[in-house]
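So the chains spell out like this:
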Amino acid sequence: MQDYYIRTPDHEESRGPFNISKLLTLGEAGQINENTLYYDEDKEEWMPFALNEELKAQVFPERKKLELKISEKEKEEAPKDATKAEQERPKIEVDDMLAAAEGTTEDTKHLKKQEESFQKAASIASSGIGLMMLFSAVALLMPHFEIVDAAIEQEAYSTVLNYPFVVVGLFDLVMAIFLFLAVTEIYPLLRTRGMLTLGFGLYVGWALDDLALLGASAAGGIGIFLATVARTYSTMLSAILLGIGGNGYLAYFALTERFSGLFENVAFKFFEGK
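Note that the structure is a prediction, hence the values are computed from the model and not measured.

S.K.: What's the story with the environment of Glu34 in this structure? I'm lost.
M.R.: Here Glu34 shows up in the loop between α1 (20-28) and β3 (37-40). Sequence separation of Glu34 and Ala50 is 16 residues, and the distance between their C-alpha atoms is 4.9 Å. Setting aside chain neighbours within four positions, we find Glu34 in contact with Pro48, Phe49, Ala50, Lys56 and Phe60.

Spelled out as structure tokens, the structure:
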């Protein structure tokens, strides 16, 4: 169904797009008339509805008017100030009606702002959380680089599963790939993952009396969790900055070998090499 942009003859600003159903509603409410202009895409010019018989018939269909017969006595008994009250009643302008339909009135502006804020938040969510998970994967996989490298050389890939932090690091890497592909269905998993970073990081940081590790883990975990539930742009931006900062700091620790001997010593013997 074709949509139309409309404007009044005395205004340059157009409104729309509106489909026939919405135009019909505006016509029934008396907010547009046959002299209202619409943009004709074929002729590439503004034209009044009155010059397009087919469109006019759809927007302003003829209806039989019902007349209410009032006796002379009832006319005399009618309040004298009724006509005056009708005249003093504020009229709804076509611009006001169109503004309400587009959510730009004072009463609906906040709803439009909320929707715009949500759309902006959604546009940066996947890539932002993806960076968090990528940094987290680096933080967990780098201390195990030699172990993973040896498993690849020996083609004993299952042995890496003996190291729980390698498994979590691979999980983070896969999540990062999904997020860069804008797969948002994994958000519930990421909330759990964020809480794992927060809880384990706080415990290890406290046990080692390492405030930097404690703070980075807290920022990384909270950032991941908040970014999956944020619905406003400001909250999303704060969560992303917090999460990238925290997980990026953890990745920096891994690259500078600050975790040397910490993670790789945590291992099981579920799988044996060749």
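What follows continues from the structure just given.
S.K.: Would you mind going over the confidence of the model for the chain with me for this structure?
M.R.: Low pLDDT means the predicted coordinates in that region are not meant to be read closely. Counting all residues, the mean pLDDT for the chain is 80, and 79% of those residues have values of 70 or more. Within the chain, helix α11 (residues 233-255) carries the highest mean pLDDT (94), whereas helix α4 (residues 82-88) carries the lowest (53).

S.K.: Just checking my understanding: could you explain the sheet that holds strand β4 (residues 45-48) for this structure?
M.R.: Through backbone hydrogen bonds, the strands of a sheet pair up, either in parallel or in antiparallel fashion. With antiparallel pairing, 4 strands are arranged side by side in an open sheet as β2-β1-β3-β4. Each edge of the open sheet carries a strand with a single partner, namely β2 (15-18) and β4. Neighbour-to-neighbour, the strand axes of the sheet open up by a mean angle of 35°, direction not taken into account. Note: β3 against β4, 4 bridges, orientation antiparallel. Considered in β4, the bridge of Tyr39 is made with Trp46.

S.K.: Any chance you could explain the pattern of salt bridges here in plain terms?
M.R.: Pairs can form between side chains of opposite charge once their charged atoms are near each other. Inspection of the entire model under this criterion finds 3 salt bridges. Between Lys56 and Glu53 there is a salt bridge, and its shortest N-O distance comes to 3.5 Å. Residue Lys56 and its partner Glu53 are both found in helix α2 (residues 53-59); the two are separated by 3 residues, about one turn of the helix. The buried category is assigned to Lys56, whose relative accessible area is 19%. A relative accessible area of 52% means that Glu53 is categorised as exposed. Close ionic contact of Arg193 with Asp172 constitutes a salt bridge, the shortest N to O distance being 2.7 Å. Here Arg193 is found in helix α9 (residues 187-207), whereas its partner Asp172 is found in helix α8 (residues 164-180), with 21 residues between them in sequence. By relative accessible area, Arg193 is classed as buried at 7%. Take Asp172: its relative accessible area is 0%, and that puts it in the buried class.

Parameters at a glance
- Residues numbered from 1 in each chain as written.
- Predicted model: local features only at pLDDT ≥ 70, side-chain atom pairs only at ≥ 80, totals over all residues.
- Heavy atoms only, no water.
- Helix = DSSP H or I, 4+ residues; strand = E, 2+ residues; numbered from the N terminus.
- Contact = heavy atoms within 4.5 Å.
- pLDDT = per-residue confidence, 0-100.
- Pairing = 2+ DSSP bridges.
- Axes fitted to C-alpha atoms, helices over the stretch in contact; angles between N-to-C directions.
- Salt bridge = Lys/Arg side-chain N within 4 Å of Asp/Glu carboxyl O.
- Buried < 20%, exposed > 50% of the residue type's maximum accessible area, 1.4 Å probe, protein only.

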